[in-house]
Amino acid sequence: MNSDLRHRRKVARTALPTAVLLLLGGAVVVQSSAPAAAAETTLRAAAANAGLFFGVAASPNRLYPIVGQEFSQLTPENDMKPDRIATSSGGLQNTSGADTLVNHAQSNNMLVRGHTLVWHSQAGALQGASQATLNTFIGNAINRWGSRIAYWDVVNEALEDNNTGRRRNQWPHSMNRDANGDGDFFDAGDTDVIRDSFIRAKQVVQAGGLTTKLCINDYDVDGLTVQGGTPNRKANALYDIVRNYRQYIDCVGFQAHFNDNPNSIITDDLQANIQRFADLGVEVHITELDIDDDLSNNDIGAGQAENYRKVVRACLNVERCTGITVWGISDSESWRSSERGLLFTGGNGSYQKKAAYHAVLDELNKGRNPTPPSTTPPVTPSVPPTTPPVDPTTPPPPTTPPPPTTGCSATVSLNSWTGGFVATVRVTAGAAPISGWSVQLTLPSGASVTNAWNANRSGSSGTVQFSNVSYNGSVNAGQTTEFGFQGVGTATGLAAPVCTAA
Ligand code: XIL
């Protein structure tokens, strides 16, 4: 996050002097008696208060005042793509449009997302280039704008359509080789355009001492599932890529072009999917948001404004979701004008706000994780609660065992929606380091696990056993590691996990 946003967030946090803490029956209830802050009237101001950027895709011929007024981040819609700026040997050409956009962003105090370095589409003179040439281009492009670019989409759309979970097989991914035939490209002997491009980009950033963050961007990766509850294999594949190349990848972009395609709808597990990427420690961004105004053929056909609200809320509820970018200003100037998917009507600098705009602004103004209004306001008891008389025939209530001094302990946090959930399990080593762990969880009846990450699993319902994978078994004394799993059914009432150290 840039320092401007961080600063504003700090200010927002410390500006709660009238918040009061009530300690009631052991539960801490935070209540704020401060008057509600005045609602902001632009998307960028409302977003900044919540600690995120709100951006727009732009072109040099559409840099109307609204760009700097409403938005705090800018993505060149076409002017930084290889077909515009790359020569066949990886040099730069025709950068004037991109320069104009970067300058405009800078003078309007907007972040820039560079878009994009390695992509099968709009590749222009780079089409068919070797990795060496791609690397030359990556170096030239990153160095031209340096830290003026906050985020670069290093690799765009690496995964195939139709929810196969596979990499694309056309150039540049046609260069990939699976040396040991194990079905992935993650091994040292494999060739992987994604890995090699990120390694190059990271070298350039480090050599130049740049603050630029490096992102991978794709579409149809938004939910844990797609229409009908089928696992989103494309999202899972992206997740594996980020997990494997975490040392080079700083951020993940969900394009979020939502429409009636069964793989492109808004599902209720959008937030849980954002969360699992965020749990890897990367920033998550909604990078190219537009929402078809007619999603009536599926189960979330709530209307465009409500759908915008859902997406914004899902991001706001995940702290590491640090930005949302809409793919254009107005419907008529959009790449998919027939879907009327944006926040404004009108054109040529004269725009009218749609219901979707007001919904987004309102949701942003609510901020992150608003405390739900309490239905029964807590009352301070005037007399201390009396301890009920002890019935000598009743066994004493079980005492909570002290935290283990050695071994490990585990806690679970749940993200639930109707019919499903994602659990994040945190394993904490005791007073001594551990070299492996297993966690036993007993699911309520009707609940079952569909997939897990950062852990091996045996069983899917009833008592399920998870154990460390190769890279997260060693945990130092007092330190933690996390794994997660997705399930169907309801996990409310999940019994406390039992952790055993190896
Ligand atoms: C689109 C632009 O909006 C169009 O003007 C252009 O003709 C094609 O590309 N995914 C991306 C964006 O990463 O670069 C695409 O932008 C939309 C889909």
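Residues numbered from 1 in each chain as written. Predicted model: local features only at pLDDT ≥ 70, side-chain atom pairs only at ≥ 80, totals over all residues. Heavy atoms only, no water.

1. Observations regarding the overall build of the protein
Of the regular secondary structure elements, the protein holds 11 helices and 21 strands. The proportion of buried residues among the 502 residues of the protein is 51%. Relative to all contacts within the protein whose residues are 6 or more apart in sequence, the contacts with residues 24 or more apart total 71%. When the accessible area of the protein is evaluated, it comes to approximately 22,200 Å², of which 51% is carbon and sulfur surface. (Helix = DSSP H or I, 4+ residues; strand = E, 2+ residues; numbered from the N terminus. Buried < 20%, exposed > 50% of the residue type's maximum accessible area, 1.4 Å probe, protein only. Contact = heavy atoms within 4.5 Å. Areas by Shrake-Rupley, 256 points an atom, 1.4 Å probe, with all protein chains shown as cover.)

2. Quick notes on the site of the ligand
The environment of the ligand is made up of 13 residues, and the closest members are Glu77, Asn78, Lys81, His115 and Glu288. The separation between an oxygen atom of the ligand and a polar side-chain atom of His115 is 2.7 Å. In this structure, Asn156 approaches the ligand through a side-chain N or O atom, which is 3.0 Å from an oxygen atom. Here the ligand has 410 Å² of accessible area as a free molecule, and 77% of this is covered by the chains. Grouping the constituent residues of the shell around the ligand by class yields 3 nonpolar, 6 polar and 4 charged. (Near = heavy atom within 4 Å. Polar contact = N/O pair within 3.5 Å; in protein donor to acceptor, adjacent residues only side chain to side chain. Nonpolar A, V, L, I, M, F, W, Y, C, P; charged D, E, K, R; others polar.)

3. Quick look at the confidence of the model for the protein
Confidence along the protein averages 86 in pLDDT terms, with 83% of residues attaining 70 or more. Across residues 1–34, confidence stays below pLDDT 50; counting only partners more than four residues off in sequence or on other chains, it has 42 contacts. Scored below 50 in pLDDT, residues 373–404 shows 9 contacts in the model against residues more than four places distant or in partner chains. (pLDDT = per-residue confidence, 0-100.)

4. Examining the packing of helix H9 (residues 270–278) against helix H10 (residues 304–316)
In a packed pair of helices, the relevant descriptors are the angle between the two axes and the axis-to-axis distance. Direction vectors running N to C along H9 and H10 enclose 30°, while the axes themselves pass 9 Å from each other. Taken together, the axes of H9 and H10 are roughly parallel relative to one another. Both H9 and H10 take part in a crossing whose hand is right-handed. On the side of H9, the interface is formed by Leu270, Gln271 and Ile274, while H10 contributes Val311, Ala314 and Cys315. (Axes fitted to C-alpha atoms, helices over the stretch in contact; angles between N-to-C directions. Parallel < 35°, antiparallel > 145°, perpendicular 65-115°, else oblique. Left-handed = near helix turned anticlockwise from the far one by under 90°.)

5. Section: the environment of Pro497
Structurally, Pro497 is set in the loop between strand S20 (480–488) and strand S21 (498–501). Separated by 72 residues in the primary sequence, Pro497 and Val425 have C-alpha atoms spaced 8.7 Å apart. With residues near it in sequence (within four places) discarded, Pro497 still touches Ala410, Thr411, Val412, Val439, Gln440 and Leu441.

6. What to know about the sheet that holds S21
Strand order across the open sheet formed by 4 strands is S18-S19-S16-S21, with antiparallel pairing between neighbours. With one partner strand each, in any of the chains shown, strand S18 (456–458) and S21 form the two edges of the open sheet. The mean inter-strand angle of the sheet, taken between neighbouring strand axes irrespective of direction, is 20°. In this sheet, strand S19 (residues 463–467) lies alongside strand S16 (residues 437–442) in antiparallel orientation, the contact comprising 5 bridges. Bridged to Gln440 within S19 is Gln465. (Pairing = 2+ DSSP bridges.)

7. Focus on the pattern of salt bridges
With the rule as written, the count across this model stands at 22 salt bridges. Here Lys310 and Asp268 are joined by a salt bridge, their closest N and O atoms 3.6 Å apart. Of this pair, Lys310 sits in helix H10 while Asp268 sits in the loop between strand S9 (257–258) and H9, placing them 42 residues apart in sequence. A relative accessible area of 33% places Lys310 in the partly exposed class. Measuring nitrogen to oxygen at the nearest pair gives 3.2 Å for the salt bridge that ties Glu363 to Lys366. Highlighted residues: Glu363 and Lys366, both in helix H11 (residues 355–366), separated by 3 residues, approximately one helical turn. Taking relative accessible area as the criterion, Glu363 reaches 5% and is therefore assigned buried. Residues joined in a network through salt bridges with shared partners are Glu306, Arg309, Arg313, Asp362, Glu363 and Lys366. (Salt bridge = Lys/Arg side-chain N within 4 Å of Asp/Glu carboxyl O.)

8. A look at the packing of aromatic side chains
Evaluated as defined, the whole model comprises 12 aromatic pairs. Each ring, one from Phe466 and one from Phe483, has its centre 5.0 Å from the other, and the planes form 35°; the classification is tilted. In this pair, Phe466 sits in strand S19 while Phe483 sits in strand S20, placing the two residues 17 residues apart along the sequence. Overall, Phe466 belongs to the buried group, its relative accessible area being 0%. A ring pair is formed by Phe466 and Phe485, whose centres lie 4.8 Å apart and whose planes are at 20°; its orientation type is stacked. Here the residue Phe466 occupies a position in strand S19, and Phe485 occupies one in strand S20, the gap between them amounting to 19 residues. Both residues of the pair, Phe466 and Phe485, count as buried. Among the aromatic residues, those joined into a cluster by ring pairs are Tyr64, Phe344, Tyr351 and Tyr357. The cationic tip of Lys234 hangs over the ring face of Tyr219; the distance from NZ or CZ to the ring centre is 3.7 Å. Arg276 extends its terminal NZ or CZ atom over the ring of Tyr239, reaching a point 4.7 Å from the ring centre. (Phe/Tyr/Trp six-rings, centres within 6.5 Å; stacked < 30°, edge-to-face > 60°. Lys NZ or Arg CZ within 6 Å of the ring centre and 35° of its normal.)

9. Observations regarding helix H5 (residues 96–107)
For H5, spanning 12 residues, the distance from its first C-alpha to its last is 16 Å, which sits close to the expected 16 Å at 1.5 Å a residue. Taken together, the buried positions of H5 are occupied by Gly97, Ala98, Asp99, Leu101, Val102, His104 and Ala105. In the core, the buried residues of H5 are packed alongside strand S3 (53–58), helix H3 (65–70), strand S4 (73–76), strand S5 (111–118) and helix H6 (131–145). Note on H5: the residue one or two positions beyond its end, Asn109, has a positive phi of about 55°. (Expected span 1.5 Å × (residues − 1).)

10. Comments concerning the nonpolar core
By size, the foremost hydrophobic cluster in this structure holds 96 residues, and its most contacted members are Phe54, Ile142, Trp152, Ile216, Leu289, Leu343 and Leu364. Apart from the residues within four sequence positions on either side, Ile142 is in contact with Leu117, Trp152, Ala201, Val204, Val205, Leu210 and Leu214. (Core = buried A, V, L, I, M, F, W, Y, C linked by side-chain atoms within 4.5 Å.)

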